[in-house]
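Coordinates in review
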Amino acid sequence: MMMKIPHIHKIISTTLGLSTILIVFNIPAIAETTAPLSNLSTINSSASNLQVKTRKTNLQWVSSVAEKVIRANGLDDHPWRIQISDEYDINAYASELNKIVIYKGLLDQIHGDDAALAFIIGHELAHHTQRHSAQQEEIETHLKKRLQKEAETEFTHWLVAEKTKSVKPIPVITKEIVKQRIAIQKKQELDKALQSLSRQHELEADEIGYTYMAKSGYDINGGFRIFNLLSRLPSDYTENSTHPPTQQRINALKQVVIKHPWLNLWIDGNQRLTNNSQPLKFTLSEDGISLRINSRFVQ
Ligand SMILES: [Zn+2]
């Protein structure tokens, strides 16, 4: 993940300017025997009897939970893509228009906990459904233009003020220093605004992700188990982090649980699952590496 991918939303902290270079937890990849992807095009989520379940690969596990979350929340009017990253990080992210990537390290840490997985999937789905990446791009473009104008105006004002003080010409170097100072200050303003937006989006994804998970009928404590896991990791939190500190996310989630009564969510999701009881079908995506959870329109 050394290449720059703009605006991906991970489940845990990244730092501005290093947003895709995540140093959270990295141990050498462990050889894993997963079914080759080409075999997965035939997997159907309905084939989940207990025997099969115990032998499920990560991708099958993630996809079957994701399928239920998507269906219980009426998000099945277009396809989604699920990918398991071979990197052994404890993380997950949402990217492009409909993709969710989960790292093997995270799956290992929550192995078998459907509700914890549903919370992660819900969180990443929420980044997509709330247009967080698009919003960040739009706001960044808008802000950059505004700050650029402000910087020019400030520089002009400074020039005018200097000229009224003295008739001597202002040295080029002085002008450059002032320009730089203004530019640095504006860049800091931009970073601060984007960071604040990012943190707001993370809390929103936690909240909506929680409702997605609860509507799917999973144990509502799944999210707390994720945060407990994150809080056991070495903290890479700094004041520039794109994510709020884990303790703040835990406190916010406690409020979310009170705000959205579990039973209401469950009734709503259960109704949808009953009305739309046919599991969505899985096929290999055109990208060749992710599994596509098809929309309900695919027969
Ligand atoms: Zn996130």
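The structure this text deals with has already been given above.
Figured I'd write up the structure that's included with this text. (Residues numbered from 1 in each chain as written. Predicted model: local features only at pLDDT ≥ 70, side-chain atom pairs only at ≥ 80, totals over all residues.)

**Remarks on the pairing of strand β3 (residues 92-95)**
Because side chains alternate across β3, one face comprises the buried residues A92 and A94, and the other comprises Y93 and S95, equally buried. Two elements, β3 and strand β4 (residues 99-103), share four bridges in a ladder whose sense is antiparallel. Paired with S95 across the strands is K99, a residue of β4. Hairpin geometry of β3 and β4 is characterised by an intervening segment of three residues between the two adjacent antiparallel strands and by a positive phi of about 50 degrees at E96. (Buried ≥ 20, exposed ≤ 12 C-beta atoms within 10 Å, placed from the backbone. Helix = DSSP H or I, 4+ residues; strand = E, 2+ residues; numbered from the N terminus. Pairing = 2+ DSSP bridges.)

**Considering the packing of helix α4 (residues 114-129) against helix α7 (residues 222-232)**
Look at α4 against α7: their axes get within 7 Å of each other, and the N-to-C directions meet at 85 degrees. Classified by the angle between their axes, α4 and α7 sit roughly perpendicular to one another. Between α4, through A115, A116, A118, F119 and I120, and α7, the contact on the second element is made entirely by G222, G223, R225 and I226. By residue class, the composition of the contact of α4 with α7 is six nonpolar, two polar and one charged. (Axes fitted to C-alpha atoms, helices over the stretch in contact; angles between N-to-C directions. Parallel < 35°, antiparallel > 145°, perpendicular 65-115°, else oblique. Contact = placed C-beta atoms within 7 Å. Nonpolar A, V, L, I, M, F, W, Y, C, P; charged D, E, K, R; others polar.)

**Things to note about unusual backbone geometry**
Apart from glycine, the bulk of residues carry a negative phi angle, and the bulk of peptide bonds sit in the trans form. The phi dihedral of E96 falls on the positive side, at around 50 degrees, and the residue is not glycine. For E96, the location among the structural elements is in the loop between β3 and β4. E96 gets classed as partly exposed once you count the C-beta atoms within 10 Å, which come to 14. Of note in this structure, R131 is not a glycine but carries a positive phi near 55 degrees. For R131, the location among the structural elements is in the loop between α4 and α5 (132-165).

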